[in-house]
Amino acid sequence: MNEPRWALWRAQLRAIIRLETKKTLFSRRGIWIYFLAFAPVLIFLFHSLYLMKTGQAGDIAEETHIFAGVFQLFFLRLAIFFGCVGIFMNLFRGEVLDKSLHYYFLAPVRRPVLLAGKFISGLLAASAIFGTSVLLQFAVVYWHFDSNTRQEYFLHGHGLAHLAAYLGVTLLACLGYGAVFLAAGVMFRNPLLPTAAVLVWEAINAILPAALQRISVIFYLKSLCPVLIPTEVSLDQGNPLGFIAMNPSPASTLTAIFGLLALSLVAIAFSSRQLRRMEIDYGAE
Amino acid sequence: MTERVSGNMNVAGPQTRIVFEEVSKFYGEVLGVNRVNLSIPPGITSLVGPNGSGKTTLMNLMTGLVRPSRGRISVLGMAPDDPERLFRVVGYCTQFDSFPRGLTGYDFIYSYLRLFGYPHAQSSEMAVRAIDRVSLADAAGRKIAGYSKGMRQRIKLAQAICHNPTVLVLDEPLNGLDPLIRAETIALFRTLAAEGLHLIISSHVLHEVDVISDQVVLLSNGYVVAEGKIQGVRDEIQEHPMQVLIRCDKPGELASQVFHEDYVVEARMHNDRQGVLVKTRDADRFYLLLNRIAQNGIEIESVAPADDDVLSVYEYLIGTEESTK
């Protein structure tokens, strides 16, 4: 592959990303994604305000576990999951519904380049929204502690490491779910069916055979989370969320990262194949 | 007819022509086009036929938006499924009346040019030039969502020509244009054809293509039923009045102004009282009259053919063609 062609593809990628990122971040139809992403910030804010008002000191370890629970059970499995449905499934599906996909198909852009540009823009938008949310959640969940306790936790404890890990998991979640829902968006006309199927598949991950567990995004994400879910959320205690929270055979960090990257690549390659065959037929919608 | 066109390939090779070889396209069980053989030379070629005759399908096939179920297509020697090469030389003004959200007219063209890899300054310059060429400079900074139908049509035309293509595919490009802009646009087509471009124009209004075409391809129900020089079909339509719907701010006044002309067979108010349906035997003279009326205080919003009558002309033409076979 010669240099000018790479230069052309880079320029085309930049052009697509510029158009798409703006569209994804500032689209009115995507406002619900912001509500979903920042809902935990509000919950933690009210929690901190309540503790401050009632003069309760709070406990760092307890707050860390509360954060871990909300992150794994709500943020990963619902907020990022459905946020990625909204962002990535609409990258192509939304344009077909708007009857505007031909704008790209009439440009001298290879379909895989178009796919890469759209996926990167979706990833940037999702990472910006959910990454910002994680930062804010982390800021407000420990807000009610005095500055010495906070400094101790962040500078000398696990605070910064946990924050970095949560941000990394958030980025990988956007990548993994993004790739899966990008593929669903180019394959299915009705987003409900694939969304429901993936949601169920992810929910029952822990009770699947070990080999099948690896064909899911949540398996790798759970393995990368820095804090285990509080023990009270377990099957032993009869909690209905128990089987969702279980992680019977976690993968090592490297396996989890590369496993998730491989899964995402497979989904993206599949999307690329589908996109190359795609025709403009808005009449069929 | 097809053989005659295929014979022309000896004069100029496939590198300078748009060639369809035994092309069929089916949408599931629905026929789009069937066994089409064409070899289109430079100049203005019109695809004419009633709604559903396969005009848009042919255009989508030659631009790779849909793939043929059978057969082979080549555009100046290139396969339509190679967009990276094809759209350097092809511009397509589609019939899709939808645009990426939130863009101004300028953004629409500028962003499209950036997809070609052109740098900012060049894209900006080319966008401004294309917008000027379709007389939309004043509205370039406005959101496309607020454009009238005619303005949207022109911004699509600007998109099709902005990268200086050598093949221009235009799907019903005159739809929704007022008489003055229509005349300007037709003049632009002639200029582009004179520059050596291939212009493929679809229309279901014979009078439109009569004015601008070098050759015409008549389509019906997915089949090519006739092709050749426009002169041959011109005589056929002289006897048949065409019907035009004019939307304007003073329909009653417009009707009274056109009715006394001897080439106007009928002028009546449209059911919604916001337009006039006119039947005329001489479209050229009628459009000239409309130009004068537009300059004298009646604001004409759009001029569009009224389908039923156009369909009847085609039925007549296609019937004639088939009966002579």
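About the cut-offs
Residues numbered from 1 in each chain as written. Chains lettered and ligands numbered in written order. Predicted model: local features only at pLDDT ≥ 70, side-chain atom pairs only at ≥ 80, totals over all residues. Helix = DSSP H or I, 4+ residues; strand = E, 2+ residues; numbered from the N terminus. Rg over C-alpha atoms; globule rule 2.2 N^0.38 Å. Contact = placed C-beta atoms within 7 Å. Buried ≥ 20, exposed ≤ 12 C-beta atoms within 10 Å, placed from the backbone. Nonpolar A, V, L, I, M, F, W, Y, C, P; charged D, E, K, R; others polar. Pairing = 2+ DSSP bridges. Axes fitted to C-alpha atoms, helices over the stretch in contact; angles between N-to-C directions. Expected span 1.5 Å × (residues − 1). Arc of directions from axis to C-beta. Core = buried A, V, L, I, M, F, W, Y, C linked by C-beta atoms within 7 Å.

S.K.: Help me out: how do you make sense of the overall build of chain A in this one?
M.R.: Scanning chain A for helices and strands turns up 12 helices and 0 strands. Taken over the C-alpha trace, chain A has a radius of gyration of 21 Å; the compact-globule value for 285 residues is 19 Å, and the two agree within 12%. Over its C-alpha atoms, taken along the principal directions, chain A stretches across nearly 65 × 40 × 40 Å. Contacts spanning at least 24 positions in sequence make up 87% of the contacts within chain A whose residues lie at least 6 apart.

S.K.: What exactly am I supposed to notice about the overall build of chain B here?
M.R.: In terms of helices and strands, chain B carries 12 helices and 13 strands. For chain B, buried positions account for 47% of its 325 residues. Long-range contacts, defined as pairs at least 24 residues apart, comprise 69% of the intrachain contacts of chain B with a sequence gap of at least 6.

S.K.: Looking at this model, I keep getting lost on the interface of chain B and chain A. Mind explaining?
M.R.: Facing 23 residues of chain B, the contacting portion of chain A comprises 21 residues. Elements supplying a minimum of two residues to the side of chain B that touches chain A: α3 (83–89) and α4 (105–114) of chain B. With 4 residues, the single largest contributor to the side of chain B that touches chain A is α3(B). Residues that form the side of chain B that touches chain A fall into these classes: 12 nonpolar, 6 polar and 5 charged.

S.K.: Quick question: what am I supposed to make of the pairing of strand β8 (residues 215–220) of chain B here?
M.R.: Strand residues, when the strand is regular, have side chains that alternate between the two faces of the sheet. Residues and elements named next belong to chain B. Across the 6 residues of β8, 5 count as buried, placing the element largely inside the fold. One ladder, built from 4 bridges, connects strand β3 (residues 43–48) with β8; its direction is parallel. Note that in β8 the partner of V48 across the bridge is L218. Here β8 pairs with strand β9 (residues 223–229) via 6 bridges, running antiparallel. Bridge pairing in β9 links L218 to A226.

S.K.: In this structure, what is going on with the sheet that holds strand β13 (residues 300–305) of chain B? I would like to understand it.
M.R.: Strands pair in a sheet through their backbones, by hydrogen bonds, and they do so in one of two ways: parallel or antiparallel. Residue and element names in this part refer to chain B. An order of β11-β12-β10-β13 is seen for the 4 strands of this open sheet, with the pairing classed as antiparallel. The strands lining the two open edges of the sheet, one partner per strand, are β11 (264–269) and β13. Each strand axis lies, on average, 20 degrees off the axis of its neighbour in the sheet, ignoring direction. Set on the sheet, helix α10 (residues 251–259) makes contact with β10 (242–248), β11 and β12 (275–280); between it and β11 the angle comes to about 165 degrees.

S.K.: Explanation requested: helix α5 (residues 120–133) of chain B in the structure shown.
M.R.: An α-helical turn contains 3.6 residues, so any two residues separated by three or four positions project in the same direction. Residue and element names in this part refer to chain B. With 14 residues, α5 should cover 20 Å at 1.5 Å per step; its first-to-last C-alpha distance of 20 Å lies within 8% of that length. Every buried residue of α5 is accounted for by S123, M126, A127, A130 and I131. Taken around the axis of α5, the buried residues stretch over an arc of 130 degrees, which confines them to a single face. Facing away from the buried surface of α5 by more than 90 degrees, the exposed residues are A121 and D132. In the core, the buried residues of α5 are packed alongside α4 and α6 (149–161).

S.K.: What's the story with the nonpolar core in this structure? I'm lost.
M.R.: In summary, soluble globular proteins display a tendency toward joint burial of nonpolar side chains. If you look at the biggest cluster of nonpolar residues, it comprises 141 residues, and the most contacted ones within it are I80(A), C84(A), L182(A), I109(B), A158(B) and L199(B). No other element matches the 15 residues that helix α3 (residues 60–98) of chain A contributes to this core. Not counting residues up to four positions away in its chain, the partners in contact with I80(A) are F75(A), F130(A), T170(A), A173(A), C174(A) and Y177(A). Residues M242(B), I246(B), V264(B) and V276(B) belong to the second largest nonpolar core, which totals 15 residues.

S.K.: I keep staring at unusual backbone geometry and nothing clicks. Help me out?
M.R.: Leave glycine aside and you will find that most residues have negative phi; peptide bonds, for their part, are mostly trans. Residues and elements named next belong to chain B. Not every positive phi belongs to a glycine, and L76 is a case in point at roughly 50 degrees. Its place among the elements puts L76 in the loop between β4 (70–75) and α3. The phi dihedral of N164 falls on the positive side, at around 55 degrees, and the residue is not glycine. If you trace the backbone, N164 turns up in the loop between α6 and β6 (167–171). Residue classification places N164 among the partly exposed residues on the basis of 14 C-beta atoms within 10 Å.

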